[in-house]
Amino acid sequence: MADTTKQKITIMKGATENLSAATYQIHDESHTIGNALRWMIMKNPKVEFCGYSVPHPSENHIQIRIQMYDNLSSLEALVKALGDLDDLCDSIESKYATSLQNDDYEKFEESS
Amino acid sequence: MASSSQISPRRLVGITAERATNVSNTEFPGHYPGEDLSWDLQKFNQNTTVKVTRLSNRQIEFDIVGVDASIANAFRRIMMAEIPSVAIERVYIFDNTTVIQDEVLAHRIGLVPLNVDPTIMDFRDPNDENLATDRNTIVFKVELTCTRNPNAPKGSEDPAQLYVNHEFLSSHLAWSPAGEQETVFAHSKPGPTNPNIVLAKLRPGQSVNMELHAVKGVGKDHAKFSPVATASYRLHPNIVLKGEIPPDRIEDFKKCFAAGVVAVDSKGKVYIDREAMRRDYVTREVLRHPDFADKVELSRIRDHFIFGAESEGPYRPESLLPEAIKVMRSKISTLQKSAQALLEVQRQEDVTMAEP
């Protein structure tokens, strides 16, 4: 386990021991990942609550709060959401590539 | 393309005279009884469309239909702030006798878009500011002195005729190759994408002499590293007629919308042109007329994003979204590694906790 990957996400104090409710601090990230991840975590029916915040604009990190039903692990929900988000990106990427290949769009030229 | 009668009211953001209604997405598990709205890749693949609509050498327009605003916004933000590009970061001024102050000129030079492919360059190590190598820094030199043109036509007042080098242009940046750069950049010489940007104006006797170092960076550090001039999205407009428009009011009704949105068929009946509707600005002008206000319903489709991006720099417009997705996926993969590591720690602790 490299130290760099270890520091990217930290679990903030106050989390329940089984991590069914926890706040994760993600370093060097912003609304870009925060909001997308929050949406994907909320798509999980086992999640009771999920919200994110950028605590201060001069501090380069975000916080994601996840609370689970049935004492499930919020960390597992986070890992699942990341995987699903990657699938989503992959899907959009291939749909875009197909559309570009289909060549069914208006083309025009502009001088720079 | 969806027609108004088929669009579920759940997908519409209502636009009334003084208020936007149904603003938030509600498609989450547990929101609607008896409906499973949890993430399902197969359903997502069925319900989502991505379509390029317009493309030029400078800009692209494409639609993404069926995603949440948070996803669309992530792509927009990444296009502007996190796709890397190369720009001039350090300006060493040996001589600048123009009327533009050193720091202002340096700032202007930094904003010049360069044609350098960022994939062949490394990021400079931020902890070792002085470590410039041929892999992470491109050097340009500028040496320019303005003089009188001895052959200027008599009586001319045109500076272009009177003087030589009366303008410091982006084309004056002369690339000075180092190390392996000559072979790496053999196919395209580093330089500005536009050679005609005026950086300073000179008069006889004034001169500029400087060395410029270009490095790779991202837009969140400085806007000069942003590969796009703009990257934005808007929601697809949706206009539904609710009643008949009297023939004598048709012309006024037409004027409430973008050109071509309101059309009249051969029988004199007013209808909304669905192709043109896409271009409407949804100004709500129509709602200001008391006799039109109840004849029409304005809204936007919450999950239909019309993206527009103008490329400025080395990327072709059609490669902006793939680059953004690449950045997004690399972010996800670092997070995945980190979360997985935490998960392993958690499991080991569970084991030790169970033992005593």
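Residues numbered from 1 in each chain as written. Chains lettered and ligands numbered in written order. Predicted model: local features only at pLDDT ≥ 70, side-chain atom pairs only at ≥ 80, totals over all residues. Heavy atoms only, no water.

For residues besides glycine, phi is generally negative; the peptide bonds are generally trans as well. All names here are of chain B. At Asn-22, a position not held by glycine, the phi torsion is positive, near 50°. With respect to the helices and strands, the residue Asn-22 is situated in the loop between strand S2 (19–21) and helix H1 (41–47). A positive phi is found at Val-282, a non-glycine position, where the angle reads about 50°. Mapped onto the secondary structure, Val-282 falls in the loop between helix H7 (274–277) and strand S16 (296–311). (Helix = DSSP H or I, 4+ residues; strand = E, 2+ residues; numbered from the N terminus.)

Turning next to empty space enclosed by the protein. Residues and elements named next belong to chain B. In this structure the tally under the stated criterion is two cavities of 30 Å³ or more. Roughly 40 Å³ of internal volume is contained in the largest cavity. Lining the largest cavity, in full, are Ile-120, Met-121, Asp-134, Arg-135, Glu-180, Gln-181, Val-184 and Phe-185. Its residues placed into classes, the lining of the largest cavity shows four nonpolar, one polar and three charged. Lining the second largest cavity, in full, are Asn-115, Val-116, Asp-117, Ile-120, Phe-185, His-187, Ser-188 and Pro-190. Tallied by class, residues from the lining of the second largest cavity come to four nonpolar, three polar and one charged. (1 Å grid on protein atoms, 1.4 Å probe; cavity = no way out; pocket = protein on both sides within 12 Å on 5 of 7 lines; lining within 4 Å. Points joined across faces, edges and corners; volume = space filled by probe spheres on them. Nonpolar A, V, L, I, M, F, W, Y, C, P; charged D, E, K, R; others polar.)

Of the residues lining the interface, 53 residues belong to chain A; the matching set on chain B comes to 57 residues. Together, the buried faces of chain A and chain B total about 5,300 Å²; carbon and sulfur atoms form 65% of this surface. It is A:Thr32, A:Lys43 and A:Tyr96 that lose the most area in chain A upon contact with chain B, and together they represent 14% of the buried surface on that side. Salt-bridge contacts for A:Glu29 lead to B:Lys331; the nearest nitrogen and oxygen are separated by 2.7 Å. For the interface between chain A and chain B, the tally reads 25 residue pairs in polar contact (both at pLDDT 80 or more). Every element with two or more residues in the side of chain A that touches chain B is listed here: helix H1 (3–8), strand S1 (9–11), helix H2 (31–42), helix H3 (74–102) and strand S5 (106–107) of chain A. It is H3(A) that provides the largest number of residues to the side of chain A that touches chain B, a total of 20 residues. Its residues assigned to classes, the side of chain A that touches chain B shows 23 nonpolar, eleven polar and 19 charged. (Contact = heavy atoms within 4.5 Å. Buried area = accessible area lost by both parts, 1.4 Å probe. Salt bridge = Lys/Arg side-chain N within 4 Å of Asp/Glu carboxyl O. Polar contact = N/O pair within 3.5 Å; in protein donor to acceptor, adjacent residues only side chain to side chain.)

What follows covers the UniProt feature "domain: DNA-directed RNA polymerase RBP11-like dimerisation" (unreviewed entry) in chain A. Per the UniProt entry, the sites bearing "domain: DNA-directed RNA polymerase RBP11-like dimerisation" (unreviewed entry) are residues 21–94 of chain A in this numbering. When the span residues 21–94 of chain A is considered, its composition is 45% helix and 30% strand, and the gap between its end C-alpha atoms is 36 Å. (UniProt positions renumbered as here; feature names shortened; annotations may be inferred.)

With that settled, consider the pattern of salt bridges. Under the defined criterion, the tally for this structure stands at 30 salt bridges over all chains. In this structure, the salt-bridge partner of B:Glu61 is B:Arg278, at a minimum N-O distance of 2.8 Å. Highlighted residues: B:Glu61 in strand S4 (residues 59–65) and B:Arg278 in the loop between H7 and S16, separated in sequence by 217 residues. In this structure, B:Glu61 and B:Arg278 share a single accessibility class: buried. B:Lys220 serves as the salt-bridge partner of B:Glu82, at 3.7 Å between the closest nitrogen and oxygen. Taken together, the residues B:Glu82 in the loop between helix H2 (69–81) and strand S5 (85–96) and B:Lys220 in the loop between strand S12 (207–217) and strand S13 (228–241) connect sequence positions 138 residues apart. On the basis of relative accessibility, which here comes to 10%, the residue B:Glu82 falls in the buried class. In this structure, a network of salt bridges that share partners links the residues A:Lys8, A:Asp28, A:Glu29, B:Glu82, B:Lys220 and B:Lys331. (Buried < 20%, exposed > 50% of the residue type's maximum accessible area, 1.4 Å probe, protein only.)

Right, let's get into the layout of surface pockets. A water-sized probe, rolled over the atoms, reveals where empty space remains. Residues and elements named next belong to chain B. Roughly 1,200 Å³ of internal volume is contained in the largest pocket. Around the largest pocket, the lining comprises 46 residues; the ones closest to its centre are Arg-11, Asn-47, Val-65, Gly-66 and Asp-303. Contributing elements (two or more residues each) for the lining of the largest pocket: H1, strand S3 (49–55), S4, S13, H7 and S16. Examining the composition of the lining of the largest pocket, we find that five residues originate from one element, S3, more than from any other. In terms of residue class, the lining of the largest pocket is built from 13 nonpolar, twelve polar and 21 charged.

In total, this model carries nine aromatic pairs over all chains according to the counting rule given. Measuring from centroid to centroid gives 6.2 Å for A:Trp39 and B:Trp39, while their planes differ by 80°, and the two rings are edge-to-face. Placement of the pair is A:Trp39 in helix H2 and B:Trp39 in the loop between S2 and H1, with the two residues belonging to separate chains. According to the relative accessible area criterion, B:Trp39 is buried, its value standing at 13%. (Phe/Tyr/Trp six-rings, centres within 6.5 Å; stacked < 30°, edge-to-face > 60°.)

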